[in-house]
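Coordinate inspection notes
Chain by chain, the residues:
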Amino acid sequence: MSWRCSSTSNEGLIANLFRHGLIKNDTVREAMRKVDRAHFSPIMPYEDSPQGIGYNATISDHNWFIKTHPLGPKAAEALLDRLGPGKKVLDVGSGSGYLTAVLAHLVTPGGTIVGIEHIQQLCDLSTANLKKDPVHSGMLQDGTIKIVRGDGRLGYPEGGPYDAIHVGAAASIMPQALIDQLKAPGRMFIPVGGFSQYIWQVDKDEEGNVKKEKQYGVLYVPLTDAKEFRDEN
Ligand code: SAH
């Protein structure tokens, strides 16, 4: 695939994503520049392909290969109309915290982002990853970024309604709870499907009318039940 190119720096990674047209927007580029992927993805952080985030040894044995998805920044771009200072975002399946950090830079000052992740170890890991950078550490302290443990399919109503919801794992069916937690207006970027998955863009307009648009085929890890994971391990 065209986005599979390696680089030796964060700047190089971003340049590759732009060169291949995966990202086109300067605002997203600036946000990405503020987040060093090496803090989140210890192995080959600057290769623009999915990277394991530290739990692969355990997780891949059970076919649970957790990744920082290369489409993350593209998702940020798709949500951009609903981002900006003061906006509220929900990042479902926040994993390493990488995309949560990128999105946080797209809502400051004044905005908030909740990263919801169902595996406690990944909540702890993402928090530790974010603390590697004093700016992100400050965002955790002042509440700009909040990492919570929970089933992302149910969202996090306490933090909503949200201007934008990013879902970083594929839902088997469109989760109504997430649509309910969208602000009017608001937008959700979500992969839906099983064997065959597609990105859907869900827009809620000012009157609360919901429009769902099927966009392009993708391959994400599934949104699952955390209990299954614990039982297998
Ligand atoms: N965007 C993330 C990576 C997402 S990988 C990053 O930048 O690192 C998908 C994530 O979804 C994994 O961390 C997985 O544990 C999480 N996940 C899967 N099912 C979930 C569920 N039901 N609720 C919350 N998180 C879930």
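Residues numbered from 1 in each chain as written. Predicted model: local features only at pLDDT ≥ 70, side-chain atom pairs only at ≥ 80, totals over all residues. Heavy atoms only, no water.

Across the six residues of strand S4 (residues 112–117), five count as buried, placing the element largely inside the fold. As paired strands, strand S3 (residues 88–92) and S4 are joined by five bridges and run parallel to one another. Directly across from Val92, in S4, lies its bridge partner Ile116. Relative to strand S5 (residues 145–149), S4 runs parallel, the two being bridged by five bridges. Across the sheet, residue Glu117 finds its bridge partner in S5, namely Arg149. (Buried < 20%, exposed > 50% of the residue type's maximum accessible area, 1.4 Å probe, protein only. Helix = DSSP H or I, 4+ residues; strand = E, 2+ residues; numbered from the N terminus. Pairing = 2+ DSSP bridges.)

This part is about the sheet that holds strand S8 (residues 197–204). Pairing is mixed in the open sheet, where seven strands are placed in the order S5-S4-S3-S6-S7-S8-S9. Looking at which strands have only one partner, the edges of the open sheet turn out to be S5 and strand S9 (210–218). Each strand axis lies, on average, 15° off the axis of its neighbour in the sheet, ignoring direction. Relative to S9, S8 is paired through seven bridges, and the arrangement is antiparallel. Residue pairing across strands places Tyr198 opposite Gly217, the latter belonging to S9. Sheet strands touched by helix H6 (residues 120–131): S4 and S5. Its angle to S5, the strand with the most contacts, is close to 165°. (Axes fitted to C-alpha atoms, helices over the stretch in contact; angles between N-to-C directions. Contact = heavy atoms within 4.5 Å.)

What follows is about the environment of Val221. Positionally, Val221 belongs in the loop between S9 and helix H9 (226–232). With a relative accessible area of 26%, Val221 lands in the partly exposed category. Taking C-alpha positions, Val221 is 9.4 Å from Gly194, a pair spaced 27 residues apart along the chain.

The next thing to look at is helix H2 (residues 26–33). For H2, the full list of buried residues reads Val28, Ala31 and Met32. Projection of H2 onto a plane perpendicular to its axis shows the buried side chains occupying an angular sector of 100°, all on one side. Of the surrounding elements, those touching the buried residues of H2 are helix H1 (10–19), helix H4 (72–79) and helix H5 (98–105). For H2, the capping residue at the N-terminal end is Asn25, with a side-chain oxygen 2.7 Å from the backbone nitrogen of Thr27. (Arc of directions from axis to C-beta. Polar contact = N/O pair within 3.5 Å; in protein donor to acceptor, adjacent residues only side chain to side chain.)

Now for the side chain of Asp91. Structurally, Asp91 is set in strand S3. No salt bridge is formed by the buried Asp91; its nearest oppositely charged neighbour, Arg37, is found at 13 Å. A distance of 2.7 Å separates the side chain of Asp91 from the side chain of Thr100, its partner in a polar contact. Looking at Asp91, its side chain comes within polar contact range of the side chain of His166, at 2.7 Å. Residues contacting Asp91, with those up to four places away along its chain left out, are Leu99, Thr100, Leu103, Ile113, Val114, Gly115, Ile116 and His166. (Lys, Arg positive; Asp, Glu negative; His and termini not counted. Salt bridge = Lys/Arg side-chain N within 4 Å of Asp/Glu carboxyl O.)

Turning our attention to the packing of H6 against helix H7 (residues 134–141). Each pair of packed helices gets described by two things: the angle between the helix axes and the distance between those axes. Following both chains from N to C, one finds H6 and H7 inclined at 125°, their axes separated by 6 Å at the closest point. Judged by the angle between their axes, H6 and H7 are oblique. In this structure, H6 uses Thr127, Leu130 and Lys131 to contact H7, whose residues at the interface are His136, Ser137 and Leu140. Classifying every residue of the contact of H6 with H7 by side-chain character gives two nonpolar, three polar and one charged. (Parallel < 35°, antiparallel > 145°, perpendicular 65-115°, else oblique. Nonpolar A, V, L, I, M, F, W, Y, C, P; charged D, E, K, R; others polar.)

Quick look at H4 now. Looking at H4, one finds that the buried residues are Gly72, Pro73, Ala75, Ala76 and Leu79. Buried positions in H4, seen along its axis, are confined to an arc of 155° and lie on one side of it. At its buried positions, H4 is contacted by H2, H5, strand S6 (162–167) and strand S7 (182–193).

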